[in-house]
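# Analysis of the macromolecular model
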Amino acid sequence: MKNKLNLTFGAVLLGSVVLTGCTVGPDYETPATPVPSAYKNGSSKAEGSACREDWWKLFNDKQLNKLVDAAHGQNRSLRASFQRVQQARSTIRVTRADLFPQIDTAADFNRSRTSEELDFGSNSGFSTGRTTSTYSLPVNAAWEIDLFGRVRRSTEASTADAQAQEEDFAAMRLSVEADVASTYFRIRALDREINLVAESVGLRQDSVKLVKERFDQGVVGELDLAQAKTQLSQSKAEIAALRRQRSQYENALALLIGAPASGFSLGSSPLSGTPPRVPSGLPSELLRARPDIRMAERNMAADGARIGVATAEFYPSITLVGNVGVSASEVGNLFQSSAGAWVINPSVSLPIFQGFRNKANLERAEAAFEESRETYEGTILTAISEVETNLAAWKHLRVQTNAQSEAVRSAKRARALTTEQYDAGLVDYLFVLDAERTALTTERALATLTGDDYVNSVNLIRSLGGRW
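Residues numbered from 1 in each chain as written. Predicted model: local features only at pLDDT ≥ 70, side-chain atom pairs only at ≥ 80, totals over all residues. Heavy atoms only, no water.

### Remarks on the nonpolar core
Counting 46 residues, the largest nonpolar core has Trp55, Phe59, Leu64, Val180, Phe185, Leu253 and Leu286 as its most contacted members. Elements supplying a minimum of two residues to this core: helix H2 (62–74), helix H4 (150–216), helix H5 (222–256), helix H7 (291–312), helix H8 (357–423) and helix H9 (429–463). Contact partners of Val180, with chain neighbours within four places excluded, come to Leu64, Leu67, Val68, Ala71, Leu253, Leu256 and Ile257. Counting residues in each nonpolar core, the second largest holds 20 residues, with Val201, Tyr429, Leu433 and Ala447 among its members. (Core = buried A, V, L, I, M, F, W, Y, C linked by side-chain atoms within 4.5 Å. Buried < 20%, exposed > 50% of the residue type's maximum accessible area, 1.4 Å probe, protein only. Helix = DSSP H or I, 4+ residues; strand = E, 2+ residues; numbered from the N terminus. Contact = heavy atoms within 4.5 Å.)

Shown next as C-alpha cells:
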C-alpha cells in the first residue's frame, strides 16, 4: 500500500513538473507589413476578387480545361512537390514523438561460468566453478521531460515547415496551371498567324499565276514576275518558321501535362476575341491569396520557433531512464511473482561550458529569423510589383489592340484599292506587293497582340494568387 502511495505521489509530482514547465524563446506573431491601399493601375472603383480555384474555366475553353486537369494528375514536378509535402507531414510526427516516453523490449539470455581458480573468501557469498544461466525480459523506457519546451518548439518548427511545404505545393500548382494556359494560348495565337500566312500564300499563288499570264502577253515586265515569286517564297518560309515555333510550344505543353512529346499533338484552333476581365482587388488581399507569400510567412514562423529550440539548450534537461521486467535462471520461473525486477535512473544535465556553441547556435537562429523576415517582406513587394506590371500591361494592351484593329481595317482597304488600281494599269506591281505586305503584317501583329492579351490575363491571375 505504501509503495502504491509513493508511486501515486511520484506520478502527481512528475505531472505537475510537466504541466508547469515553461516554453522558452519568443512567441511568434505575424509581423505587420504595410501595403498600399490600392493599385495605381487598378480600377478607380473598389472591387473585390472572389476566391475561385478553377480560374482557368472562366476562359470557357473545354480543351484548356482538359489540359489543366491532365497537368494536375500527371505533371511530374507537381507530383514530386506533393511527395515533399508528405515528407514534411511525417517529420511533424517524428518530432512530436519526443514528447512521449520511448519504450522498447528485448529478450535476453546469458550463460556464464566462473573460474575455479578465483578465491573470493568463504564469507564473500560468491561461488567458484559455477555455471549459471540467466533469462530476462525487460521493458526499457526513456523519457526526456520537455520542461523548457525544446521539443514543443521543435514540433512547432516542423509544423510550420510542413505548412510552408504545403504552400510551396500550392504555388507550384498555380505555376503549372498558368504555364499550361499561357502555352496553350501561345499555340492558338500561332494558329491564327499560320492561317493568315497560309491565306496569303494562296493569294500570292494566284497573283504569280496572274502576273505570269500578263508577262506572257507582254503587258508587264519580268521584274513584276520576279517580285511576285519572291513574295510567294517568303510567305512559304514564314509558314515553316511559325510551324517550327508552334512545335516547340506543343512539346513544352506536352511536358507540362506529363505526356510524351512524341505522342502528343494539339489540333489547330485560331485564337480570337478578348479574355475575361480580371478584377484586381486590393493589395492587402495578396497576403492571403498568394501561396508564395503564405509560404514565406510560414518559413518565418518555423525560424522563430527554432530560436526557442536554441534558447532551450541553455537550460537543464531532465531525462528519466528505467526498465521493468522479469529475470530468472530458468525459463519456467520468468513469470513467477518473485522474478520481477525494476530500475529507475533519473538524470539532470546542465550545460556549463560548451565552447560558446549554444550562444553561436542562438545567434544563428536569430539571424535566420531576420533573413526570413526580409524574404517575407521582399516577397510581398515582388508580388505587388508583378500585379502592377500586369495591370499596366492590361491597360496598355487595350489601347494597343484597338489601334491595331483599326490599322488592320485600313491596311485591308488600302490593299483592295491598290489591287484595283494595278488591274486598271494605274500603279506598278510594287505598290500591290507593298500593300499586301502591310496588310499581312498588321494582321499578324493583331494576332500576336491577341495572344499577348490572353497571356497577360493569365499572368495577372497568377500574380493575384489564382484568386478572382
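### As for a nonpolar patch on the surface
Judged by side-chain polarity, Ile103, Val139, Val324, Trp342 and Ile344 come together as a nonpolar surface patch covering roughly 550 Å² of accessible area. Relative to the helices and strands, Ile103 resides in strand E1 (residues 102–105). Looking at Ile103, the relative accessible area reads 59%, which means it is exposed. (Patch = residues over 30% accessible without salt bridge, like charges linked within 9 Å, V, L, I, M, F, W, Y side chains within 5 Å. Areas by Shrake-Rupley, 256 points an atom, 1.4 Å probe, with all protein chains shown as cover. Salt bridge = Lys/Arg side-chain N within 4 Å of Asp/Glu carboxyl O.)

### Comments concerning the packing of aromatic side chains
Enumeration over the complete set of coordinates arrives at 7 aromatic pairs. Centre to centre, the rings of Phe185 and Tyr454 are 4.8 Å apart; their planes meet at 40°, and the pair counts as tilted. With Phe185 in helix H4 and Tyr454 in helix H9, this pair connects stretches of sequence that are 269 residues apart. A single burial state applies to Phe185 and to Tyr454, both of which are buried. Connected via pairs of aromatic rings, a cluster forms that spans Phe59, Tyr184, Phe185 and Tyr454. (Phe/Tyr/Trp six-rings, centres within 6.5 Å; stacked < 30°, edge-to-face > 60°.)

### Notes on the side chain of Thr183
If you trace the backbone, Thr183 turns up in helix H4. Its relative accessible area of 10% is what places Thr183 among the buried residues. Not counting the four nearest positions on each side in its chain, Thr183 is found in contact with Tyr249, Leu253 and Leu256.

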